[in-house]
Amino acid sequence: MVKFYAGLNHMDSQTEQQHLIAQRISYFRNLRNINQQDLSNMMAFNQRQTLSDIERGERQVQADELVRFAEFLEIPAMALLDAYEPALDVEFSWRTDNESAALADFEKRGSNILNLLITLRRKLNIAPVAISSLPLGERNSYDDAQLAAEKFVEEYELGDRPGPVLHKLYEQLKIDCIYLDLPDHISGAAMASDEALLAVVNANQVRGRRNFDKAHELFHCLTWRTMKPSHIDRVQVNLGTKRSRIEQLADAFAGALLMPKVPLLRSLPESLTASALMQIANDFEVSFDSIVWRLVSLDRISKTEAKVFLKVERPPGNGHAANLVSHKLLSESYLKVLSSGITAGLISVRRVADIIGISIDALASTYRQHDLAVPFDL
């Protein structure tokens, strides 16, 4: 069991501010690769212990010192005072078919979104949660990953078609998963900080690919501490570069989670055709490719047969219009935290929209799409 804490004990506003400044000074000092002695010298402290006490939150920072800290750390002073200015060590694992694409802007946005969630949870005194972890490592087989997924299906009663109810699994596991409007070359990502894990899925992908990415990122969230994934996972597997074993284990887990063995094999006709597989893919709400490779893993078809199927020309969304509809943004659980923060006066609607990267009108529309009350007036 790996625990990620999403709440802090109640503290008065002055003490909370003191701890925030302490955290920010330590974070930006390490980010700039400045040791405590050098920063102490810059600040003209008589001894390094003064800075050490400040970073532990045991000594308050005076106004003039705050200005000097900001100057030496090369940041705006507000970065030391504003809890919504991100100062998190966030690690990313991206699913993309263009590894040369610049991801820095999206990582900044992701850090902002995760920081907003963590900060509001702290301010709202939301109780800490414990997130389960899968007892798997890189030495485990693909069969082990598939078996773990099948056990999840049974334990959490996901039924014969887990794809449509995958969000319920996330909720039960206390892991956040949100949908964002991302460029086509980004399928999704897993993000991790000391206090939280967050899965992100591109809302604009076809439904089957969204579900697979959601299942794939769940594996990373459950195994991040035991086998951290690569920074970039190339979604297209036949590009001449072998994907890491961790990513292949995540694929094996995702396939078994979305397409449990017994109901999948039971749904197969005696004669397999591309048309029949498209219908089955739509039924399970997965992609055609996912069905094909899952059947390979179950020894139902050979790799040679799989490659033949994959060359068949298919209509967009497997000919099913619902597969092409974009997913509603964010998630119900994430929006509820935002609602609580806005209603409590902890943050303005405009600030929330700026951090997430959408307009206020779009945020209101997102609440309505999730059948939630809009916590602000337009």
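What comes next is a walk through the structure. (Residues numbered from 1 in each chain as written. Predicted model: local features only at pLDDT ≥ 70, side-chain atom pairs only at ≥ 80, totals over all residues. Heavy atoms only, no water.)

## Points about helix α5 (residues 104-123)
Every α-helix carries 3.6 residues per turn, so stepping three or four residues along brings you back to the same face. A rise of 1.5 Å per residue sets the reference length of α5, with its 20 residues, at 28 Å; its end C-alpha atoms lie 28 Å apart and thus fit the reference within 8%. Here α5 lies mainly inside the structure; 15 of its 20 residues are buried. Trailing α5 by a residue or two, asparagine 125 shows a phi angle of about 55 degrees, which is positive. (Helix = DSSP H or I, 4+ residues; strand = E, 2+ residues; numbered from the N terminus. Expected span 1.5 Å × (residues − 1). Buried < 20%, exposed > 50% of the residue type's maximum accessible area, 1.4 Å probe, protein only.)

## Observations concerning the nonpolar core
Counting residues in each nonpolar core, the largest one holds 99 residues, and the members touching the most others are Leu116 and Leu257. No other element matches the nine residues that helix α9 (residues 245-258) contributes to this core. By size, the runner-up hydrophobic cluster in this structure holds 19 residues, among which are Ile21, Ile34, Leu66 and Leu80. (Core = buried A, V, L, I, M, F, W, Y, C linked by side-chain atoms within 4.5 Å.)

## Digging into the environment of isoleucine 246
Take isoleucine 246: it is sitting in helix α9. For isoleucine 246, a relative accessible area of 6% corresponds to the buried category. Along the backbone, isoleucine 246 and aspartate 361 are 115 residues apart, and their C-alpha atoms lie at a distance of 40 Å. Setting aside its immediate chain neighbours within four residues, isoleucine 246 contacts Glu138, Phe219, His220, Met227, Lys228 and Pro229. (Contact = heavy atoms within 4.5 Å.)

## Things to note about empty space enclosed by the protein
Inspection of the entire model under this criterion finds four cavities of 30 Å³ or more. Looking at the lining of the largest cavity, the elements with two or more residues in it are β2 (91-96), α5 and β5 (186-192). The element best represented in the lining of the largest cavity is α5, accounting for four residues. Class assignment of the residues belonging to the lining of the largest cavity gives a composition of nine nonpolar, one polar and one charged. (1 Å grid on protein atoms, 1.4 Å probe; cavity = no way out; pocket = protein on both sides within 12 Å on 5 of 7 lines; lining within 4 Å. Points joined across faces, edges and corners; volume = space filled by probe spheres on them. Nonpolar A, V, L, I, M, F, W, Y, C, P; charged D, E, K, R; others polar.)

## Structural notes on helix α4 (residues 63-73)
Taken together, the buried positions of α4 are occupied by Glu65, Leu66, Phe69, Ala70 and Leu73. Considered in projection along α4, the buried side chains sweep an arc of 140 degrees and stay on one side of the axis. The outward face of α4, more than 90 degrees from its buried face, is lined by the exposed residues Val67 and Glu71. Backbone geometry just downstream of α4 places glutamate 74 in the positive-phi region, at approximately 60 degrees. (Arc of directions from axis to C-beta.)

## Remarks on the pairing of strand β4 (residues 176-180)
Most of β4 sits out of view: five of its five residues are buried. By the alternation rule, side chains of β4 split into Asp176, Ile178 and Leu180 and Cys177 and Tyr179, which are all buried.

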